Amino acid sequence: MDIAALTMLVFGMVIVGSGLTGLLAPQLLLTVLGITDTGSATLLFLMATSQASLAMGLYYILASVNGTRVFFQWSVPLRIINFMVFAAMIPLGIAPMQWLLVAGLELAGASATAIAMASKSHYTLDHFHVLRIASLTLALIGGILAFKPFGIYGSASAFLLISSVGMMYAYRRFNPVQTGEQ
């Protein structure tokens, strides 16, 4: 995986995280974005756009894993347009100052991908370790989400279940012993 693909992977993971936050904890996302209207229409729209963010983030992740460079190339100008539109919403009084976080994320991601596309550097990705880290991250999120309804034991059980499944999959998919890794 080259650095351009890595920028797309990271951007996709951030967008997936944002989408999941909007679906699972919409009030938290509204607070972070400085949106004070918490009516049912606002929550419905936020959750719908969060699902779209989740899907878009998965597109970015899949494009990065598959090295779909044409997707990388087209994403740069489109993310710059997103930055311009999102940033313009602030002085127009449509969005609060916290919206700069969203605009800045778009610009930072587009810039990182553009710079990486211009370079010829390559980064070697260890798929086994990525799967292990991803399964632990998902397990931690699952444990946190399970805490309130199921308590500490339910939270620990969710963590163990998700991490165990993830680790078993990582070992079956990319066994470090068979591939010569330590």
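Here is what the cut-offs are and how they apply
Residues numbered from 1 in each chain as written. Predicted model: local features only at pLDDT ≥ 70, side-chain atom pairs only at ≥ 80, totals over all residues. Heavy atoms only, no water. Helix = DSSP H or I, 4+ residues; strand = E, 2+ residues; numbered from the N terminus. Buried < 20%, exposed > 50% of the residue type's maximum accessible area, 1.4 Å probe, protein only. Contact = heavy atoms within 4.5 Å. Areas by Shrake-Rupley, 256 points an atom, 1.4 Å probe, with all protein chains shown as cover. Core = buried A, V, L, I, M, F, W, Y, C linked by side-chain atoms within 4.5 Å.

K.L.:
Explanation requested: the overall build of the protein chain in the structure shown.
P.N.:
The helix and strand inventory of the protein chain stands at seven helices and zero strands. In sequence order, the secondary structure elements of the protein chain are arranged as α-α-α-α-α-α-α. By principal-axis analysis of the C-alpha atoms, the protein chain measures approximately 60 × 50 × 20 Å. Counting all 182 residues of the protein chain, 30% fall into the buried class. Pairs at least 24 residues apart make up 67% of the contacts formed inside the protein chain by residues separated by at least 6 positions. Split by element, the accessible area of the protein chain, about 11400 Å² in all, is 73% carbon and sulfur.

K.L.:
Mind showing me how you'd approach the nonpolar core here?
P.N.:
When a protein is soluble and globular, its nonpolar side chains tend to lie buried together. Counting residues in each nonpolar core, the largest one holds 10 residues, listed as Ala 4, Ala 5, Met 8, Phe 11, Ile 15, Tyr 60, Ala 63, Phe 72, Ala 116 and Met 117. Elements with a minimum of two residues in this core: helix H1 (3–24), helix H3 (40–66) and helix H5 (99–118). It is H1 that provides the largest number of residues to this core, a total of five residues. Apart from the residues lying within four places of it in its own chain, the contact partners of Met 117 are Ala 4, Arg 69, Phe 72 and Gln 73. Grouped together as the second largest cluster of nonpolar side chains are nine residues, Leu 29, Leu 46, Ile 90 and Ala 103 included.

K.L.:
What am I meant to see in the side chain of Ser 75 here?
P.N.:
Among the secondary structure elements, Ser 75 is positioned in helix H4 (residues 69–88). Residues in contact with Ser 75, not counting those within four places in the same chain, are Met 8 and Tyr 60.

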